[in-house]
Amino acid sequence: MKVIITADHAGMTIRNEVKNLLDEMGIDYVDTGCDCQSSVDYPDYALPAAERVASGEFDRGIFICGTGIGMSISANKVKGIRCALVHDVYTAKLTRQHNDSNVLAMGERVIGPGLAREIAKSWLESEFDGGRHANRIGKISTYEDK
Ligand code: RB5
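Residues numbered from 1 in each chain as written. Predicted model: local features only at pLDDT ≥ 70, side-chain atom pairs only at ≥ 80, totals over all residues. Heavy atoms only, no water.

The biggest cluster of nonpolar side chains holds 21 residues, and the ones touching the most others in it are Val18, Ile62, Leu104, Met106 and Leu124. Listed by contribution, the elements that provide at least two residues to this core are strand E1 (2–7), helix H1 (12–25), strand E3 (60–65), strand E5 (103–107) and helix H5 (113–125). Among the elements that make up this core, the one with the highest residue count is H5 (five residues). For Val18, the contacting residues outside a window of four places in its chain are Ile5, Ile62, Met106 and Ala120. Ranked by size, the runner-up nonpolar core spans 19 residues in total, among them Ile4, Ala49, Cys65 and Val78. (Core = buried A, V, L, I, M, F, W, Y, C linked by side-chain atoms within 4.5 Å. Buried < 20%, exposed > 50% of the residue type's maximum accessible area, 1.4 Å probe, protein only. Helix = DSSP H or I, 4+ residues; strand = E, 2+ residues; numbered from the N terminus. Contact = heavy atoms within 4.5 Å.)

One turn of an α-helix holds 3.6 residues; hence residues three or four places apart share an orientation. Across its 14 residues, H1 extends 20 Å between first and last C-alpha, which sits within 8% of the 20 Å expected from 1.5 Å per residue. Where H1 is buried, its residues meet E1, strand E2 (28–31), E3, E5 and H5. Just past H1, the residue Gly26 takes up positive phi, approximately 70°. (Expected span 1.5 Å × (residues − 1).)

What follows deals with the pairing of E3. Look at any regular strand and the pattern is simple: side chains alternate between the two faces of the sheet. Within E3, six of the six residues are buried, leaving the element largely enclosed by the surrounding structure. Here E1 pairs with E3 via five bridges, running parallel. The residue of E3 that forms the bridge with Ile4 is Gly61. One ladder, built from five bridges, connects E3 with E5; its direction is parallel. Counterpart to Ile62 in the pairing with E5 is Leu104. (Pairing = 2+ DSSP bridges.)

Written out as structure tokens, the structure reads:
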């Protein structure tokens with residue numbers, strides 16, 4: 001699995017925690033987050049990273065900002081992206097099993113690094129269930145193709 005991680009200035013701590021996790025799990029990743037010397041605009045990071053997931057260059061993305069909301073709204077504008085904003089372990093698992101989410105967004109001003117690590121681990125380890133859920137995702141893809 002290849003993962004792209006990105007973050008704005010408000011996501012630096014969780015970004016580093018997730019990078020440690022990816023290292024421990026032996027997962028290849030590229031970090032396109034900001035240098036965090038100053039305030040930046042989250043769409044400038046979310047949109048290019050989401051395009052690299054949608055193109056197939058990366059299998060999954062993990063995007064961090066202050067609330068996770070800006071990153072998730074931006075990412076979901078890119079065709080083929082199913083970005084889930086997650087702040088608990090239960091929905092981290094369910095959004096993989098039911099929604100086949102390919103981008104995970106989290107907010108550093110909402111949760112701490114320990115929970116972010118558990119969420120990312122659960123999300124990375126959970127698989128899509130397919131079946132009736134594939135049919136539902138197909139309806140989203142059909143809408144995107146209109
Ligand atoms: C930055 O202050 C903050 O607005 C951004 O990180 C994010 O929370 C936006 O949704």
